[in-house]
Amino acid sequence: MSSSSTKAQLRSQWLAPVPADQRRFVSIWRRFVGMGYEVFLLVGPVLVVAFLYTVLTGSPPSETLAEAAATSSGPGLGSTAAETGAPQGVTTAQPGQDAQGVHELLRRIGLQLCVYGAIAAYFVWGWSLGRVTLPMQTLQIKLVDRESGGPVSRVQALKRFGWATLSLVTGLWLLVPLFRRDRQTLHDLMAGTQLIHRT
């Protein structure tokens, strides 16, 4: 009983709002270390997601595409210029090759969306409702609502992830903190969140 009450007390203290005058801001180098740590941890899960996606979706056999191309093209639509009457040195596109190219493009886009969605789910879960990811716990940092100092909602966490994607692609995640005393990034400003040291 005492153990459970102690855990409940610690959790209530952890979820308690942090007053603005007691917040210690996180430096840029600590953010950079945390980002590298997160990337390192995500390599394994991303590979698992990619493997499962490949197994579940598969790819059509090349023989099937070749047969479909032969059936649809007919005897007068080969791949050479001599067979089609096209100028010398010009080859014609085969329907099977076009279908295969479109299929591979769709599979790549689908894979990228699945990986992006898995990463988004990881961070939204790890940032919201008072939770922290392993790198955040190791570096003694937590994410709070900028106004109240309390836990971040799922909507805020999702908004932060979306802005963080843009911030990382453009490099603004590194530039914006250089001009701010509190060292907050663009995605924190737009999501209404704040990254601080754990107390």
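One structure accompanies this document, and this report is about it. Being a predicted model, the structure only gives us computed values, none of them experimental. (Residues numbered from 1 in each chain as written. Predicted model: local features only at pLDDT ≥ 70, side-chain atom pairs only at ≥ 80, totals over all residues. Heavy atoms only, no water.)

### Here we look at the packing of aromatic side chains
The geometry of an aromatic ring pair is captured by the separation of the ring centres together with the interplanar angle, meaning the angle of the planes. Filter applied, for reference: Only Phe, Tyr and Trp rings take part, Trp by its six-membered ring, and two of them pair if their centres are within 6.5 Å. Stacked means planes under 30 degrees apart, edge-to-face means over 60, and tilted covers everything else. Only DSSP runs of H or I reaching four residues or more are called helices, and only runs of E reaching two or more are called strands; each is numbered from the N terminus. Note on exposure labels: buried denotes an accessible area under 20% of the residue type's maximum, exposed denotes more than 50%, and partly exposed covers the range between, all computed with a 1.4 Å probe on protein chains only.
In the structure shown here, the tally under the stated rule is five aromatic pairs. Measuring from centroid to centroid gives 6.2 Å for F32 and W173, while their planes differ by 10 degrees, and the two rings are stacked. Of this pair, F32 sits in helix α2 (residues 28-57) while W173 sits in helix α8 (residues 172-175), placing them 141 residues apart in sequence. According to the relative accessible area criterion, F32 is exposed, its value standing at 52%.

### Topic: the layout of surface pockets
Put simply, the test is: Grid points spaced at 1 Å over the protein atoms alone were grouped into cavities, where a 1.4 Å probe fits but cannot get out, and pockets, open sets with protein on both sides within 12 Å along at least five of seven lines, with lining residues defined by an atom within 4 Å of a point. Grid points are joined across faces, edges and corners, and a volume is the space filled by probe spheres set on the points. Lys, Arg, Asp and Glu make up the charged group, whereas Ala, Val, Leu, Ile, Met, Phe, Trp, Tyr, Cys and Pro make up the nonpolar group; the residues left over, Gly among them, are polar.
What the largest pocket holds in volume is close to 520 Å³. What lines the largest pocket is a set of 23 residues, among which M35, E38, F123, W127 and L168 lie closest to the centre. Every element with two or more residues in the lining of the largest pocket is listed here: α2, α5 (95-127), α6 (134-138) and α7 (154-170). The element best represented in the lining of the largest pocket is α2, accounting for seven residues. When grouped by side-chain class, the residues that make up the lining of the largest pocket number 15 nonpolar, four polar and four charged.

### Observations regarding α7
To be explicit about the condition: What a helix should span is 1.5 Å times the count of its residues minus one. It is the directions from the helix axis to the C-beta atoms that the arc portrays.
Here α7 contains 17 residues, and its C-alpha end-to-end distance of 24 Å stays within 8% of the 24 Å for a straight helix at 1.5 Å per residue. Of all the residues in α7, the buried ones are Q156, A157, R160, F161, A164 and S167. Each buried residue of α7 sits inside an arc of 135 degrees when the element is viewed along its axis, so together they form one side. Structural note: α7 exposes V155, L158 and V169 on the side pointing more than 90 degrees away from its buried face. Just downstream of α7, G171 is the residue with a positive phi angle, here 85 degrees.

### Side note on the nonpolar core
The condition that has to hold: Put simply, buried Ala, Val, Leu, Ile, Met, Phe, Trp, Tyr and Cys residues joined by side-chain atoms within 4.5 Å make one nonpolar core. Note on contacts: a residue pair qualifies if any of its non-hydrogen atoms lie within 4.5 Å across the two residues.
Counting residues in hydrophobic clusters, the biggest one holds 14 residues, and the most contacted among them are W127, M136, I141, L143 and L195. Every element with two or more residues in this core is listed here: α5, β1 (141-145) and α7. Element by element, the count of residues in this core is highest for α5, at four residues. Not counting chain neighbours up to four residues away, the residues in contact with L143 comprise W127, M136, V152, R160, D188, T193, Q194 and L195.

### Some details on unusual backbone geometry
Despite not being glycine, L129 shows a phi value in the positive range, around 55 degrees. Despite not being glycine, Q140 has its phi angle at roughly 60 degrees, a positive value. Relative accessible area serves as the criterion here: at 40%, Q140 is assigned to the partly exposed category.

### Comments concerning the side chain of H197
Note the following rule: Side-chain atoms alone can form a polar contact between residues adjacent in sequence; in general such a contact is a pair of N or O atoms within 3.5 Å, and within protein one must be able to donate a hydrogen while the other accepts it.
Along the chain, H197 falls in strand β2 (residues 193-197). What makes H197 buried here is its relative accessible area of 11%. At 3.4 Å, the side chain of H197 forms a polar contact with the backbone oxygen of F25. Among residues more than four places away in sequence, those in contact with H197 are R24, F25, V26, R30, Q140 and I141.

### What to know about a nonpolar patch on the surface
Rules: Residues enter patches when their relative accessible area tops 30% and they take part in no salt bridge; the joining distance is 9 Å for like charges and 5 Å for the nonpolar side chains Val, Leu, Ile, Met, Phe, Trp and Tyr. Using the Shrake-Rupley algorithm and a 1.4 Å probe, accessible areas are obtained, with residue cover drawn only from the displayed protein chains. By convention in these notes, a salt bridge is any Lys or Arg side-chain nitrogen within 4 Å of a carboxyl oxygen on Asp or Glu.
A cluster of nonpolar side chains, namely V48, F51, L52, V55 and L56, defines an oily patch on the protein surface of about 550 Å² accessible area. Inspection of the secondary structure puts L56 in helix α2. L56 sits in the exposed class, given a relative accessible area of 74%.

### What about α2?
Heads up, the rule is: The angle between axes fitted to the seven residues ending at a residue and the seven residues starting there is what we call the bend at that residue.
Between the first and last C-alpha of α2 there are 41 Å, a value that for 30 residues agrees with the 44 Å anticipated at 1.5 Å per step. Along its length, α2 shows its largest kink, about 35 degrees, at L42, and proline P45 lies within four residues downstream of that point. If you check which residues of α2 are buried, you get I28, R30, R31, G34, E38, L42, A50 and Y53. G58 lies just past α2 and shows a positive phi near 65 degrees.

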